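If you want the building blocks of each chain, they are given just below.
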Amino acid sequence: MKKPKPRPSDSRPSKKKKPSEKTPITKSDVARLFEEMASVLELLDENPFKIRSYQNAARAIESLPGELGEMIDSGELLNVKGIGKSLFSHIEELRNTGRLEIYEKAKAKIPEGLLEMLRIPGMGPKKVKAVYEKLGISDIDQLETAANENRVAALEGFGTKTQVNILYGIQNLRKYSERHLLSKAFTEARGILGEISKHRDVKRSLLAGSLRRIKETIKDIDILVSAAKSEAIMDSFTGLSRVASVVAKGKTKSSVVLKSGINADLRVVSDKEFPFASHYFTGSKEHNTEMRGRAKKMGYKLNEYGLFKDDKLVACDDEKAIFRRLGLDYIPPELREAQGEIEAAEQHVLPNLLSETDLIGLFHVHTTYSDGTASVKEMAKGAEAMGFAYLGIADHSRSAAYAGGLSTADVKKQAKEVKEVNKSLRGFRVFQGIESDILTDGSLDYPTEILELFDFVVVSVHQNFGLSQSEMTKRIIRAIENPYTTMLGHPTGRLLLAREAYKVDLYALIDAAAENDVVIEINSNPHRLDLDWRYLRTAKEKGVKIAICPDSHTVEGMEDYRYGVGIARKGWLTKDDVINCLDATGIDTLFASKRKG
Ligand code: DGT
Ligand code: CA
Ligand code: ZN
């Protein structure tokens, strides 16, 4: 790689990477690292054969069946095409030490900003090299400036369209790296709260902010505690083992960056202030603004320190008391989004929100018949152990070859197995469903005589995401109209912070679902949370029923239903809106009515 002439802005210090915690190595970790190694070597103008060998190895490892660790120990990995002795020893090194020396060395030879540019969709090593060598661009900020100045389009192999895509990609990257999945933030936040709330000075404690409101993605963790004195609490917070660096440490507020990359704030207030602070820091900002406006109209002043009348504090023991003072029913945190919750609370018409204990069963889980890791019986027993009375399995259909979709023979074999499991597990019921791909023309993935064997049919889009909005909408509506369709799976296909939703008219899908008695799922996998909560009230108003679906591929993954319940609550749903609250007999009736059309 040729060094470009330095530009004045090149002197900016590069950000240091945070150390990451050691976890067992997975196939995708190794594949990702080999892919990155290939890119680094390409940036360094290394031998193309060497580059290719890393790329091939990455692909080979990604598609390996079985446990990587076992294959290393048995040496079986050496028999895999594309994994020679030296790559094998790299994988061993990675597993044993958590790092790969030659990768670290190669990486050290190039500016860190070049590697970051590789994360922009469409910016492969060739393009990164071109902007570096020809324009002297060595990080994302410089690339953005150059693209805005129209200097990138002029490069050979780029053009205006690429330049626009680069700018769009940079925007997305920024948006995504600023936020975190709800599940990841929750895991961290609960861990911190668990430790902090044990502190002897702490009276009350709470996770506030977007986490408490169950937003699908989270910018930062807001923790609030009440205590008479804060120093020792702040010391233990900033000294937690999950803390990577301390941004600020004060008497009332401290901010840290966690090793996981998430920022966390801790605020300590007096116990008298706690209810007001908890309301304020739960937000949302928009809800707070409306509340403050209402208070003002009623002759009060409301802020994070209290509710005041003529500058005198109106004492409130908890949030409920604040709402009551302002003539409102208690508004659950999930609803505090300025979506009409204050009016509803005033008129005493807030919904009686769904709770986790209302659920009697779950739908849409995968088994070893397709890409799940547990058998029908293991999944059923897992659900039973979690307190459920039934489980609707739904493996992938035959077109989903990448996920081991079921052939018609598999379907019949599984039907037998489901029958046996139902006989052996008394008082528990397995429903045999299928997650049928919606083919490009909107038809389902099996002929009628197979479709009618299932208790229920979930229909989902898994390929051909690039259709126009009207084509995609037509395609999915056709699937909804299929008389065998029971349920629409992950209606937008989005992967939070990773893949945009495909273009589709969700209101038209909701109308079609209402007309055809098709249930819509809340895919409760924290990467999806799809249908989005913002559409749930429309669905409910149109009479569409909702199913909480963990879409899990493991027994433990079924626990994700809790996120689905959170999202359902956020969408104002009650137990009457959610089919998981029917007992097995109710589900039988619902599914049977569908099959008769
Ligand atoms: P995010 O972006 O996922 O962190 O979302 P939040 O809602 O957690 O936002 P954050 O962390 O900036 O602030 C926490 C809460 O504090 C927010 O929900 C409402 C309250 N808050 C923060 N800034 C303001 C403000 O300028 N005005 C009002 N009324 N409330 C605020
Ligand atoms: Ca926050
Ligand atoms: Zn799916």
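Structural data are supplied above this passage.
Residues numbered from 1 in each chain as written. Chains lettered and ligands numbered in written order. Predicted model: local features only at pLDDT ≥ 70, side-chain atom pairs only at ≥ 80, totals over all residues. Heavy atoms only, no water.

A. Up close: the pairing of strand E6 (residues 253-258). Along E6, five of the six residues are buried, which leaves the element largely enclosed by surrounding structure. Here five bridges tie strand E5 (residues 243-249) to E6, and the two strands are oriented antiparallel to one another. Note on E6: the bridge partner recorded for Ser245 is Val257. Pairing between E6 and strand E7 (residues 263-269): five bridges, direction antiparallel. Note that in E7 the partner of Val256 across the bridge is Ala264. The turn joining E6 and E7, which pair antiparallel and follow one another in sequence, is formed by four residues; a positive phi near 95 degrees is taken by Gly261. (Buried < 20%, exposed > 50% of the residue type's maximum accessible area, 1.4 Å probe, protein only. Helix = DSSP H or I, 4+ residues; strand = E, 2+ residues; numbered from the N terminus. Pairing = 2+ DSSP bridges.)

B. Summary view of the site of ligand 1. Surveying the vicinity of ligand 1 reveals 16 residues, the closest of which are Arg179, Ser210, Arg213, Lys219 and Asp220. Contact between ligand 1 and Arg213: an oxygen atom at 2.8 Å from a side-chain N or O atom of the residue. Within the side chain of Asp222, an N or O atom sits 3.1 Å from an oxygen atom of ligand 1. Protein contacts shield 77% of the accessible area of ligand 1, which totals 600 Å² for the unbound molecule. Elements that contribute at least two residues to the shell around ligand 1 include exactly helix H11 (209-212), strand E4 (220-227), helix H13 (274-282) and helix H14 (285-297). Here the shell around ligand 1 gathers at least three residues from each of two domains, domain 3 (180-208 + 219-270) and domain 4 (272-350). (Near = heavy atom within 4 Å. Polar contact = N/O pair within 3.5 Å; in protein donor to acceptor, adjacent residues only side chain to side chain. Areas by Shrake-Rupley, 256 points an atom, 1.4 Å probe, with all protein chains shown as cover. Domains from an automatic or database assignment.)

C. Summary view of the coordination of the zinc ion (ligand 3). The protein atoms donating to the zinc ion (ligand 3) are Glu435 (OE), His462 (NE2) and His490 (NE2), with metal-donor distances spanning 2.0 to 2.3 Å. Read from N- to C-terminus, the donor residues coordinating the zinc ion (ligand 3) fall into the pattern E-x26-H-x27-H. Placement of the pair is His462 in the loop between strand E14 (456-460) and helix H20 (469-481) and His490 in the loop between strand E15 (487-488) and helix H21 (506-515), with a sequence separation of 28 residues. (Donors = N, O, S within 2.8 Å, 3.2 Å for Na, K, Ca; no water.)

D. Here's a closer look at the sheet that holds E6. Read from one edge to the other, the open sheet built from five strands follows the order E2-E4-E7-E6-E5, with strand pairing classed as mixed. Both outer strands of the open sheet, strand E2 (202-207) and E5, are each paired with one neighbouring strand and no more. Adjacent strand axes in the sheet meet at a mean angle of 20 degrees when their direction is disregarded. Sitting on the sheet, helix H10 (residues 182-196) is in contact with E2, E4, E6 and E7, with an inclination near 180 degrees to E2. In this fold helix H12 (residues 231-238) packs onto E2, E4, E5, E6 and E7, with an angle of close to 170 degrees to the strand it touches most, E7. (Axes fitted to C-alpha atoms, helices over the stretch in contact; angles between N-to-C directions. Contact = heavy atoms within 4.5 Å.)

E. Representation of the nonpolar core in the model. Leu211, Ile221, Leu359, Leu391, Ile476 and Leu488 are the most contacted members of the largest nonpolar core, which has 95 residues in total. Ranked by the residues each element gives to this core, the list is headed by H10, at seven residues. In terms of domain composition, this core takes at least three residues from each of domain 3 (180-208 + 219-270) and domain 5 (356-595). Of all hydrophobic cores here, the second largest spans 53 residues; its members include Tyr54, Ile110, Ala146 and Val152. (Core = buried A, V, L, I, M, F, W, Y, C linked by side-chain atoms within 4.5 Å.)

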